[in-house]
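Topology and contacts: notes
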Amino acid sequence: MEAFQFGLNSPNDMFIPHIAVLASSEATRIIEKNGISPAELFRPFSTLRQEVQIRDPITAVLHSVTSLSLNVLPIDYQFPPQKNIASMLTNCVTSHITAPSELQVKMGLYDLTVDSAQPWFETWRDTFLLTLSPSDREWLQTFVGCFCLIASHEPNPIDELHNLWEKQASHQMKPLPGQTRWMLESTACMNIIVFDPSEGDEKTANVVLQDVKKEKRSQFTHLLRINSRTRTEVADLMNGNNPPPDPWTRHTISRMETISTSSILSTTSDNESSSPTHPLYENHSKYSNSSSHGLFITSEDRNGICTCMYDAVSRALLPHLEQHLRSMYENFSNRRPRLFFSAAKKIFTGSADKPPVTNESELRRLADLAFVLHLYEVASDCYSNCRREANAASDWASYYSVLEMICLCQQRLKRPLQNLLETCVNGYTSAGFPELGIRATLLIAPRLEPSEIVHALVRTTSEEADLRSALLMEQTALAYLIRNMPRKYGLHMILAGHRYSKADSRHHSLRAYKRVCPLLMGWAHAADHVQYTLAKHSHVTRQLEAAANAYLTLLIIRNRQTQAQQTSLLKEYLNILSEILNSTSNPVKIETSFEQHGDSLVDPLRAPPKTISNTTLPQLKFPSLDCQNIRLLLGPPSLPTAFESEQWASHLSLDDTAATDVYGDEDWISMEQAAVYCASNNSVPLLWKPRVLYLSNSTPCNRVSPALGEIVSYEIPLYNRLKISLRLTSVRLLWNFQGSDGLEVSSFGNDYDGLELESVVSAQVIDEVVIPPGDTKFLLQLTLIPRRIGTLEVAALAYGLSSSDVKRVVHGKQTLSIHGPLLMNTIEQRARGLRSPDYRLTLSVVDRLPRLNVNFIGLPENLICGQVVSARVRICNVGPLDIDSVFVSSSCFHCFVFDSSINIPSHVFSSVTDDKDQQFTCDSVCNVQSLQIPGGVLHSNDSFELMFWIRAPNSVGSHKQRLMFLYTGCNYPPSKYRILHHQYVIECRDAAAVTAWLSRTPTGNLQVSMSTRNLLMNARLQITHLCCVSNEWKMSPSAELDASHMLLGYEQACDTTLELVRGSLLKNDERYLTSATLPNMEKISCKTPLRDFYNRACSDNWVIVPPPRNDGPIINGEESVKPNKILFIDLLINWTVSLYNDKGVLSQTAYGQNIIRLKQPEHIIHAITADGPVTQASQTVRYRLIYDEKQFLTLKSSFLIHPVILRLYNCATYDSKITVTLPGHVTASRMRMLESTGCRESSSFMWISQTSWTLIIPASDNLEIELMACFFKTGTFNLNNLEVSVECPAESTFYRQDCSYPAYITINKE
């Protein structure tokens, strides 16, 4: 705060001695050579450099006065007319709209900006004080002396001097209305003879000096030498650009240059050619227009002027005034006897030197003269006597005027005021003289404490004078700032800004509101009011950018308005932008009405409207751009299909974040690496890196290299933080291009030597985009197509901004800028915050490359687990170059097969006429497949088709299937390959739940026990084939199944047993393929896709490229079980599902296959102790069922009852308490009812016995329970559906025992 200058300081040119200047015409002509008037000649030297002394008229003590100032005025000076004062005060404020400099002030939590000075207030204050006409009771602003100037070469200098004396006497006796009065009847006339060496000789000048000294009124005569510099010397100075010092500039150039002369001139008599003006505006005379003043006056001449001023004051003026002071005091003391209270005061105070009380007017003259001569003690005593007389006479105007002077005297004497100022100001106001009260405040308040200044300034404000109140309110705010009260400073600055606005002073109102902005934290409504006022005032004062920023602050940062208010603010904001654009040299087209457009996405090759000049587009802030999350994708977007059954290879999609995150997904990287391995003759380059097709803020900052004619897609996140929707039109990307041949083109301009922008880069233009409100993310996708080789930089997003409720459309842009990630490798990088480059907006365009499109025809989306379907793949070369190789890599290569050596029917099965066992060899399976191109080369715009077989995964849910096509062009090395991604989703639902177990028969063969359940609603499941694939075991030739038994409805199940016999052991790659006999069913051929899918799922001959990280192949996301060298058995279950709609009409038939790897049967029973872990409680008791495996159902009976023995074995070393529960039992009465009626149970198998048992089995002992089973139909049944639970001694909790192997029984007809 040390550098802060308070504007409310005391003026230095008030209440000082006034000197009149009267010059002859010849002396005026000599002085006007320097571009100044006779009065202006002395003004720079009106403050005496040396100390002068004046004697006290009462005590005769000499008082030293330092830097005595004089006000030198022309003798005919008069105050401006009252009607022009108001405009003068207004213009002096509006002419200073900025401060010389600004200061940053830290006050608590606030960083404030204050003006280093207030020239508008200082100018207004000085103008107000000097234009205020003095009262008739005051003698402060009257002439006390006169300078009479004559030229040394006058023809009759004595006569000319007498003429000047007569004019002075005439002016003193009869001054015109409004002219300055004279304080004394006898005025000191100081004669000055002006000597110009170029127009006279010094000898003649001295003679004139001596002649003048002989005159009677020549109390002081001085020879003043000026214009000592010749015209040649002046010309040399001006030609050398070295003008002499000019102390007259600040006295001749008005502080109010914008005021016209006619508004301040006053009317005079008709015989005068020009009217004198206020001293602040004398520059409007004919000689004030000179650019430099005092060109002929040398430094010696200036010293002579200073000497003249000092001699005239010290040797003539002050002695003359001392004599009159003493004479006035003596006259007053002798003319009227002292009053009683004055005598009493003299007795009690012991002072004999106090002035007597006399006539108030004469005493006031004495007091004012003593005041201007700095005799403040004498003036104070005289003013006190005047105050008493005015109070006694009830002359309140004189009373408060004297009180004002008493306050000034007390301040100069450094004495307390004791509320005198408040009394004075209130008295002036009540008496109808508010201007005098303001004068008193301006003169006295600067010397008060800041707390007293605040109260003094507030008292002078009123509702009538807005400009004056605004100025004083601003000074009040500054006083609060000095007192370290920022909140009150802000409040009063807002009030000052409001009063400035009412006074139509928009610039000062704007400045006041700006100073308050840092203080509005926590004052939401006040902040909105200030921002809105700033916007309005900035608009009125043509500060359009500041107005636009204020509206942006309201709409974006504040954002507290209603929808209707934001609509109005947005309209104002767009209007201001429109004015900004219209004020530029190249105006931008502004739309005034909406046009209905069709599709929002138009032809990518369409150029923006030619009427829009991108060079003059302003920076817009709506909507908000999230540049850091801009995403780039190299390649075409999803292409439209002609038929619903067609699907283009989707490449990578910006709509799917997971699909585009190539660098975060190991599947894409491994698939590309595998394809590169095969394309590069089973080797991967040492410095190989995945192809960069997609960039985001989470991917490495690699450079993308699109080829000529290749589409580059950008996704830009937009946020609409308003409560109204925004409408964007003609949305496009602006770019800069630098070609490899040196060509530089930018879309910011429209003309580049006749070169069309479309021949360099084709930019997509979206006609219309509507962004809804709510601060939600809106993803905008735009494309570019480079047409030349070089570097392409995306620079900005251009669009037309409007809203649904705003008709005007303003075209603008937003610059795109992305910061790379911070570098944290070294200490210097971390300290300086260095960032790595980000190349999302910088593209390196390379020469033409091949381009491939893949179209899938008939690709399904919803399948049944294990279902096998066919589709067609059309591969098209849409690039300019030929393609000689295409590779397909996938992470789900066990689920698809490309091409086939035979023409396979659509139902995927083929007939086999013989019943011989089939053998086949397991071919090697690779996760990368090379597609055979007809003719070996795929030419440009050619295509070919392949068969594409798909087997649905075995698990239920959504499955993402990924394919990668790698292709290379003719005469291009494998390192310049290109890739095409494709990802499709298959929704799988379960149809058949199949479980199977192996067990050994007494004959040494193997028995396969299989259970199948239909889990699909509105469908029938028909098992068509049961096949066994093994290197040693074959299905028994006698195995014959009932096809009707394997036709299942929803939630129906069937159990089947098959017997396997040992055959000769085959070689490692050879397999037996044997099938069970199903009447009216076809056998599976070794040359069908089902065998291919089995080969991919269960083959040992895997070729994983590059070498896999895991030990074995992957089946449905899980590691497959390697075949046992002794036992190698796989079970293939082929099925057909008939799907019906809600009306029971057949809608679809699906074919599929389940593959089960059978394990070697091993039964190991481990002993369990009493203190064993709780996790072993489910293995405490082992049990088995004993029964005859084959029974016959007679034709006469509708059911069969068969005894079954349940044998339980306690594996624990302690006694175990068990419970046995049977499901679906039948009571004896129920059984007799079934025998009498011949009815059958809906279930094909039930228990006929006791419901449950609770038993205790000794340690390591066994126990048997007799059960009865009832069968109602033929078939194979699993008897192991009972529940056995054992109590845990430590927890008294029953644990269900693990289910043993199934117990199958076969019921046949006799």
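It should be noted that the structure appears before, not after, this text.
Let me begin by describing the structure that accompanies this report. (Residues numbered from 1 in each chain as written. Predicted model: local features only at pLDDT ≥ 70, side-chain atom pairs only at ≥ 80, totals over all residues. Heavy atoms only, no water.)

Once that is clear, we can look at the pairing of strand β21 (residues 806-815). Burial analysis of β21 places seven of its 10 residues in the buried class, which makes it a mostly covered element. In terms of strand pairing, strand β20 (residues 790-803) meets β21 through seven bridges, oriented antiparallel. In the sheet register, Ser803 faces β21, and the bridge partner there is Val806. Connecting the antiparallel pair β20 and β21 is a turn made up of two residues. (Buried < 20%, exposed > 50% of the residue type's maximum accessible area, 1.4 Å probe, protein only. Helix = DSSP H or I, 4+ residues; strand = E, 2+ residues; numbered from the N terminus. Pairing = 2+ DSSP bridges.)

The next subject is the packing of aromatic side chains. In this structure the tally under the stated criterion is 15 aromatic pairs. Taken together, a centroid distance of 5.3 Å and an interplanar angle of 70 degrees make the contact between Phe371 and Tyr376 edge-to-face. Here the two residues Phe371 and Tyr376 agree in accessibility, since each one is buried. Ring centres 5.7 Å apart and planes at 40 degrees place the aromatic pair Phe896 and Phe948 in the tilted group. Within this pair, whereas Phe896 is found in strand β27 (residues 896-898), its partner Phe948 is found in strand β31 (residues 943-951), the two being separated by 52 residues in sequence. A single burial state applies to Phe896 and to Phe948, both of which are buried. One aromatic cluster is present, built from ring pairs that chain together Trp396, Tyr399, Tyr400 and Tyr428. The ring of Trp139 carries Arg365 above its face, with NZ or CZ at 3.8 Å from the centroid. In this structure, Arg691 packs its charged tip against the face of Tyr977, placed 4.1 Å from the ring centre. (Phe/Tyr/Trp six-rings, centres within 6.5 Å; stacked < 30°, edge-to-face > 60°. Lys NZ or Arg CZ within 6 Å of the ring centre and 35° of its normal.)

The sheet built from five strands is open, its strands ordered β24-β33-β32-β26-β30 with mixed pairing. Each edge of the open sheet carries a strand with a single partner, namely β24 (862-864) and β30 (928-931). The average undirected angle you get between the axes of adjacent strands in this sheet is 35 degrees. Direction of pairing for strand β26 (residues 883-890) relative to β30: antiparallel, over a ladder of four bridges. Residue pairing for β30: Val888 is matched across the bridge by Gln929. (Axes fitted to C-alpha atoms, helices over the stretch in contact; angles between N-to-C directions.)

Right, let's get into the nonpolar core. With 212 residues, the main nonpolar core has Tyr573 and Leu797 as its most contacted residues. The biggest single contributor to this core is helix α9 (residues 299-335), with 14 residues. Core analysis: the second largest hydrophobic core is formed by 34 residues, Met1010, Cys1028, Leu1041 and Leu1078 among them. (Core = buried A, V, L, I, M, F, W, Y, C linked by side-chain atoms within 4.5 Å.)

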